[in-house]
Each structure stands twice: as structure tokens, then as C-alpha cells.
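Chain and residue survey
Given next are the chains, with one letter for each unit.
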Amino acid sequence: DFVSTAITMKGTRTEKDTPALSQAELKKQSMQEVRRSLPIFPYREDLLAAIHEHQILVIEGETGSGKTTQIPQYLLEDGYTKGGMKIGCTQPRRVAAMSVAARVAEEMSVKLGNEVGYSIRFEDCTSERTVLKYMTDGMLLREFLTEPDLASYSVIIIDEAHERTLHTDILFGLIKDIARFRSDLKVLVASATLDTERFSCFFDDAPVFRIPGRRFPVDIYYTKNKIYCYKEQVLIMHPSSCCTFVLQEEIEACCELLQERCRRLGSKIAELLVLPIYANLPSDMQAKIFNPTPPGARKVVVATNIAETSLTIDGIIYVIDPGFCKQKSYNARTGMESLIVTPCSRASANQRAGRAGRVAAGKCFRLYTAWAFKHEMEETTVPEIQRTNLGNVVLLLKSLGINDLIHFDFMDPPPHETLVLALEQLYALGALNHLGELTKLGRRMAELPVDPMLSKMILASEQYKCSEEVLTIAAMLSVNNSIFYRPKDKVVHADNARMNFVVPGGDHLVLLNVYTQWVESGYSTQWCYENFIQFRSMRRARDVRDQLEGLMDRIEVEVVSSQGDNIPIRKAVTAGYFYHTARLSKGGYKTVKHQQTVYVHPNSSLFEEQPRWLIYHELVFTTKEFMRQVIEIESGWLLEVAPHYYKSKELEDSSSKKMPRKQGKTKEELG
Ligand code: ADP
Ligand code: MG
């Protein structure tokens, strides 16, 4: 039967006895056979015929049926890459693009980056020879800038369409438009079994091709009462071949707890492999989850919602679902974006449960009540376009010459206020003129693959003659809070090491200091180790920095240093982020424009200092609205960099003197 075939083929094991295969034997097994065992395989000819017949086709299939890895190969085998034409396949997540490309390269026995490659922001693993190109949806969007009709592609697959990321939604509109005059372009919209009617409807009633799934029954269990500490529950469940969904910041702790528990049980239980998977996990670590479990051992995958649909891990029998996800939310009145932990949608919960039934009947333990499932969860997740800042996308669309955004063909239009606010912000940044047209500055800003504020900061560094430093800061900011390493057993050492990097002025300058010292160490791993700095993050920062520096030529910014003067650097930051200004008044910080109460993050170098004026890089909502990465500024600079946005009246009391240090608030209280 195909169950045991599937199991032995991929070398994964359930608790039931299946013949053991060594990894070497498995390797020998023909990849072609594995490919033939996938649910999509029997439909290969029908699918190709349907693609031949229709320009736009919606493809619906259970996660793991082979859409992402197989369809591009079928198309290649069918001649769609003749004459060097490319097949592009978009993924909402970087990890998925990389991992799937690696898998397909392996199946085709080619080196990754040759015929099969991937392209994600700040990392291009493709070459002249690449014909199957996996990429993030954001990267394809940027390709419109250099090739507005995507002329080098014969097929575009918009994969994981059900995720409805902002970039995927914009791609829908753009691709639908170019398909009208590029009759030779095939468009495939691939999705898990969700929402496919809507896609069909949007694409002028494009036919839906359904790949019947092989799903085994999954028993669902709920808790009787509300659970407050679900990490502990995850452990009590004694998983085997299990996948549990938690938030990224909890993964490490969850894995540690599991391992600790196993150590204590010693030989009383069978070997348990504990494997994490999340977006920023280094790729060699990611590859581990796909390795076959050794005979007799069991595997627990601790995952974020990345394993919900974009990655398929074979052999999962149990799923533990705490029922949460982290979601971006956007306040279109204040322009504030924050990440909040919320209950996931029922659709998400069902996808998660579905992961338990791929190779055999499974069980899903929901760590919430049946009542909560019914009454506290939304039916589906709200598309990202309706809960995010649109600055980036609006700038991109404007540079593509799309001026009338109100009438853009959105599948679900963004809220009107959000669009208006994005236009206002771009105007304030100087990217648009008062008619809403792209300025020369805006055109240069769009060349950089970063958010408009960061883009503006980099461009402003030209005027303030500190591009060398600002590039470093931009790179360090984009590796996002993973620079400092703080292992639980060495908290004191780690915090001391961190203190040693503190320089006056704020976190941006601390990051600059870390990077500069690392460069002086000769990019040393040892140096990172000694200073509790994550080497991987630093290496990534260096890659990002190199890429950005490479683009400086294109936007004609000379790379020069401010020679140790940090005022120009802080002014450049202000020129980009003047929207994010907070002022200290009685009681605490308030944002200048909207009087919203915000707090300096306890990890910040300015946590105790409390300068009168500061600019934050981002806001995160955990227990409160915390400002992460803050820098001290003088209010006068705001008038200098954004005279059309700030009035001097708003900035009264502009002395930059520090307030007396506040008493009685400890890190613990705020943390
Ligand atoms: P879909 O896109 O329909 O969800 P995929 O094409 O991603 O399905 O997956 C098809 C099969 O390929 C799955 O059984 C999965 O286990 C396997 N697979 C996908 N990526 C990898 C990988 N990186 N390593 C090993 N197996 C993989
Ligand atoms: Mg897929």
C-alpha cells in the first residue's frame, strides 16, 4: 500500500515497525521513484494539458502533494524553458524558497545555483544558466522594475497563494495585467485547499485544477479548560514524530526544556530528536528536519507557522497546537505598526492539524478549548494588505508608473486610510511631490530593496557625509535583534560584554561600534565568541552591507566616512525616521505626532539615560509598546530634515538637556 511505500521511500518511520533503511541505501534509491510516489504524479499529463490549454490556471492541492517541487520540473520536462526562458516560482518565505530550490536541485542532480536557483533579498543564488527560479514574492515584485513585462519568463507560478502576503496580493494585480498582452505567458496560482474559488474569480474565472489529497483521519483533542502555560503542556504530551507550533522566540526555550526532560529520563525512553525550524534558522540547521529519523528514534519538530503549509516534513503523526501566531497589525490613524501575539485563525488551526495525517492516521492536540476554537478564533486570517504599512509597496508601484492606486486591481483592497497615509508618508520623506508623482529622490529610494525610511536614511547620509557608517547601521538594523547572544547560563557575562560596546548617543551607534570592532578583529569568529556576539548575524550583516554598498553606485552616493563625528550620523537617521520621534514628558515618552505612550526597551543602551528626544527604529508590543533600537536626537534637527512635516510649535521646549534620571523603575518591572 502507498502508506508503507511513502514511509519507506522517504526513510521516515512511524512507531509501527517498518523495514529499516540506512541513509546510504536511501540515497541510492532513485529520486525518480520518490517523485513518482507523490500525489501529484498521477495527474502529471492532465495538469500539463490543462496548462497548455489555459493561460491562467489555479491549482489546488493538499500541502505536501508536490506542487512546489514537481510542477516546475514537469514544465521544464515539457519544454517550457526552451530558448533559455525561465520558470519562476514565488514563495512568501525566504526559508521555503531556499529549501525547496535545494530539494529540486537535488532531485535533478544539478548544483544549486546552476539550472535551479533561488533569489531572496540580499542573496542571489542564480546564474546565467538558471531556468527554474524560486524566489520570494517580494523579489519577483522588484523584478518588475527591471523587466516590466517579465519577458524572460515563460511561466510564473504564484505559490502558496492562500498565504495572501502583501507582496503576493500585489503580484496578483500586476501579473493579471501583463498576462493580457503577454499571451505566451502561463500563470499558475498554486494554493493549499483554501480559498481557491476566490482566486479563480479574481483571475476572470480561471479554471481550478484539483489534486486530490491523500489525507488520513486526524483525531482532534481539545483541552477542557483554558491553558495559561502551554510550553509545559507541550512537554507533558510525550510526543513522537510530532510537530508543535510555537512562536519563534519560544522555540529555543521549548527545545531546551524538551532536551532537559529527555536527559532526566535517560534510557527510560527511546531516543528523541528535538529539531527547531523557523525563518531565521541557518540553512544547515534547517536541512536537519528533513533527514530521516534513525531506526528506533523519534523526532519532535518545534516549528513556527512556517511548517503550516510552506514546508512539508514527512512522517508527522502528532501535532500539538497551542493556537497562537504572531501577526503584524497596523494602526492607520497613527501609522504605527506592531507585532502582536493573537489566536490563529480556524483555517490555520486546520492546516496545522492536517500535518498529522499525511502518512498515517494522526492526532492533533489543541491546547485550547473547543469553545475557544468556535468562538474566539476568526474563520480565516485577514490578508496582510489590510494590516500593514504600505509605504514600500506604494513607492514600488509608483516607480512602475502606476499612479492611480485607488483603482489598482486589488483582490482585497487595503483600507483607504492606509493608502492615504502611505502617500502622505512618502510625501513627507520627499519621495513624492505634492501631485503624488515620484520625485528624483523617490526614484533613487526605490532602487534600494529596503523600507522607504531606511532608504531615505541611506540617501540622507550623502548630504551629511557619513554613508560609510550609515550603511553599516542599515545592515545591522536589518539583521534584526539577533546580534547579541545571551545564553541562559551566562547571562551576567553576556550582559557585561554587551555593556562594553555601549557608546553615548544610542543603540544605532552601539551597533556601529560592534561592527567596527568586528572588522578590526579581521571578521573573527573567535572575537564574536569572546564578546557574546552571534557570528552568523554578523556575517549576514556583512553580506547585506556589501549588497547595499554595491547599489550606492547606481544611486550615485559616494561612500565616505564622518571620521568619528556622530552628529551627522544621527541627523541621517533623523532624516529617515523623523516619523518615529518620541519626547520625554512627565511620566514617560510620548510620540510627537499622536501622543501615544511608548517605552524604551529594557535592552536599549538608553534605557536608564532617558534623553528628552529620541527616535526609534521600531515598535514592538509585548507587555507594552516598546521602542526597539533608539537614538538620541536634538529637536532642532527635525525642522532641518522635515520642515514640511514638523512645525516649530510642536517642538517647543526644545532643550536637549536630559531630564533627571527616573527613579524606582527597574528592568524587571518593564521586562
Ligand atoms: P506542496 O508544494 O504540494 O506542499 P512539495 O512539493 O513542497 O509539496 O513537497 C513534496 C514532497 O517533497 C513532500 O513529501 C516533501 O516531504 C518533499 N520535500 C520537499 N522539500 C524537501 C526537502 N527540502 N527535503 C526533503 N524532502 C522535501
Ligand atoms: Mg508548496
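Worth saying up front: this structure is predicted, and the values here are computed from it rather than measured.

Moving on, we get to the overall build of the chain. Tallying secondary structure elements over the chain gives 26 helices and 21 strands in all. The C-alpha atoms of the chain give 26 Å as radius of gyration, which agrees with the globular expectation for 671 residues (26 Å, within 12%). Dimensions of the chain along its principal axes, counting C-alpha atoms only, are 80 × 65 × 55 Å. When burial is assessed residue by residue, the chain has 55% of its 671 residues classed as buried. Surface exposure of the chain reaches about 29,800 Å², of which carbon and sulfur atoms provide 51%. Between the centroid of the 82 positive side chains of the chain and the centroid of its 84 negative side chains there is a distance of 4 Å.

Counted under the stated rule, the structure contains 20 aromatic pairs. Seen from their ring centres, W518 and Y523 are 4.9 Å apart, and the 80° between their planes marks the pair as edge-to-face. A relative accessible area of 34% means that Y523 is categorised as partly exposed. Put simply, the rings of F172, F199, F202 and F203 pair up and form one aromatic cluster. Looking at R542, its charged tip hangs above the ring of Y523, at a distance of 4.3 Å from the centre. A cation over an aromatic ring shows up here: K624 above the ring of Y599, its NZ or CZ 4.3 Å from the ring centre.

Following the sequence through the fold, Q425 ends up in helix α16 (residues 416-429). Residue Q425 is classed as buried on the basis of its relative accessible area, which comes to 5%. Leaving out residues up to four positions away in the same chain, Q425 has contacts with Y330, N389, M453 and Y579.

Turning to its location among the elements, T168 is positioned in helix α8 (residues 166-181). Every residue in contact with T168, bar those within four places of it in the chain, is listed here: D137, I158 and A161.

Before going further, it helps to examine the sheet that holds strand β3 (residues 116-120). Spatially, β4-β3-β5-β2-β6-β7-β1-β8 is the arrangement adopted by the eight strands of the open sheet, whose pairing is mixed. Each edge of the open sheet carries a strand with a single partner, namely β4 (123-125) and β8 (208-211). Geometrically, the sheet is characterised by an average inter-axis angle of 20° between neighbouring strands, direction not taken into account.

In the vicinity of ligand 1, 16 residues are found, and the nearest of them are G64, G66, K67, T68 and T69. In isolation ligand 1 has 550 Å² of accessible area, and contact with the protein removes 93% of it. Within the residue set of the shell around ligand 1, elements represented by two or more residues are α5 (67-77) and α6 (94-107). When its residues are assigned to classes, the shell around ligand 1 shows two nonpolar, eight polar and six charged.

This part takes up the environment of K488. For K488, the location among the structural elements is in the loop between α19 (467-478) and α20 (491-499). For the pair K488 and P383, spaced 105 residues apart in sequence, the C-alpha separation works out to 37 Å. Filtering out sequence-adjacent residues up to four positions away, K488 remains in contact with A253 and E256.

Now for unusual backbone geometry. The backbone of F122 shows a phi angle near 65°, a positive value even though the residue is not glycine. Structurally, F122 is set in the loop between β3 and β4.

The next point concerns the packing of helix α21 (residues 507-520) against helix α23 (residues 535-552). Interaxial distance between α21 and α23 falls to 11 Å at its minimum, and their mutual angle equals 95°. One element, α21, and the other, α23, form an angle in the roughly perpendicular class. Contacts from V514, Y515 and W518 in α21 reach F535, M538, R539, A541, R542 and R545 in α23. Along the lines of polarity and charge, the residues of the contact of α21 with α23 split into six nonpolar, no polar and three charged.

Bringing the sheet that holds strand β17 (residues 581-585) into the picture now. A barrel is described by the order of its strands in space; here five strands give the closed sequence β17-β18-β19-β21-β20, paired in mixed fashion. Averaged over all neighbouring strand pairs, the angle between strand axes comes to 50°, with direction disregarded. Judged from the two bridges that link them, strand β18 (residues 588-591) and strand β19 (residues 597-600) form a sheet pairing that is antiparallel. In the strand pairing of β19, Y589 is matched with V598.

Let's shift gears to the pattern of salt bridges. Pairs can form between side chains of opposite charge whenever their charged atoms are close. Applying the stated criterion across every chain, the model contains 32 salt bridges. Here E640 and K571 are joined by a salt bridge, their closest N and O atoms 3.4 Å apart. Separated by 69 residues along the polypeptide, E640 in helix α25 (residues 635-641) and K571 in helix α24 (residues 566-577) bring together distant segments of the chain. Using a relative accessible area of 40% as the deciding quantity, one classes E640 as partly exposed. For K571, a relative accessible area of 17% puts it in the buried group. One salt-bridge network, held together by shared partners, links R35, R44, E45, E77, R103 and E107.

With respect to burial, strand β2 (residues 86-91) is a largely interior element, six of its six residues being buried. Taking every second residue as pointing to the same face, both faces of β2 are buried, with K86, G88 and T90 on one and I87, C89 and Q91 on the other. Across five bridges, the pairing between β2 and strand β6 (residues 153-158) is parallel. When the sheet's bridge partners are listed, C89 is paired in β6 with I157.

Moving on to α23. Every α-helical turn comprises 3.6 residues, leaving residues that sit three or four positions apart pointing alike. Its 18 residues give α23 an end-to-end C-alpha distance of 26 Å, which sits within 8% of 26 Å, the value for a rise of 1.5 Å per residue. Within α23, the full set of buried residues consists of S537, M538, A541, V544, R545, L548, L551 and M552. End-on, the buried residues of α23 take up no more than an arc of 135°, which puts them together on one face. Residues of α23 that are buried make contact with α17 (440-447), α18 (452-463), α19, α21 and α22 (525-530).

I170 and F578 are the most contacted members of the largest nonpolar core, which has 107 residues in total. Among the elements that take part in this core, α8 stands out by supplying eight residues, more than any other. Those residues within four positions of I170 in sequence are excluded, and the remaining contacts are L141, I385, V393, L397, F408 and F410. A97, V100, F209 and I211 belong to the second-largest nonpolar core, a separate cluster that totals 32 residues.

To continue, consider the confidence of the model for the chain. Overall, the predicted model of the chain reaches an average pLDDT of 87, with 90% of residues at or above 70. Below a pLDDT of 50 lies the segment residues 235-240, which in the model reaches 17 contacts outside its immediate sequence neighbourhood of four places, other chains included. In the predicted structure, residues 654-671 sits below a pLDDT of 50 and forms 31 contacts with residues beyond four places in sequence or in another chain. Both confidence scores are given for the complex: pTM 0.86, ipTM 0.98.

Next up on the list: the environment of I87. As for its placement among the helices and strands, I87 is situated in strand β2. Linking I87 and L76, residues 11 residues apart in sequence, is a C-alpha distance of 7.9 Å. The residues contacting I87, other than those within four sequence positions of it, are P72, L75, L76, Y80, T81, V131, L132, K133, Y153, S154, V155 and I157.

Rules used throughout
- Residues numbered from 1 in each chain as written.
- Chains lettered and ligands numbered in written order.
- Predicted model: local features only at pLDDT ≥ 70, side-chain atom pairs only at ≥ 80, totals over all residues.
- Heavy atoms only, no water.
- Helix = DSSP H or I, 4+ residues; strand = E, 2+ residues; numbered from the N terminus.
- Rg over C-alpha atoms; globule rule 2.2 N^0.38 Å.
- Buried < 20%, exposed > 50% of the residue type's maximum accessible area, 1.4 Å probe, protein only.
- Areas by Shrake-Rupley, 256 points an atom, 1.4 Å probe, with all protein chains shown as cover.
- Lys, Arg positive; Asp, Glu negative; His and termini not counted.
- Charge placed at Lys NZ, Arg CZ, Asp CG, Glu CD.
- Phe/Tyr/Trp six-rings, centres within 6.5 Å; stacked < 30°, edge-to-face > 60°.
- Lys NZ or Arg CZ within 6 Å of the ring centre and 35° of its normal.
- Contact = heavy atoms within 4.5 Å.
- Pairing = 2+ DSSP bridges.
- Axes fitted to C-alpha atoms, helices over the stretch in contact; angles between N-to-C directions.
- Near = heavy atom within 4 Å.
- Nonpolar A, V, L, I, M, F, W, Y, C, P; charged D, E, K, R; others polar.
- Parallel < 35°, antiparallel > 145°, perpendicular 65-115°, else oblique.
- Salt bridge = Lys/Arg side-chain N within 4 Å of Asp/Glu carboxyl O.
- Expected span 1.5 Å × (residues − 1).
- Arc of directions from axis to C-beta.
- Core = buried A, V, L, I, M, F, W, Y, C linked by side-chain atoms within 4.5 Å.
- pLDDT = per-residue confidence, 0-100.

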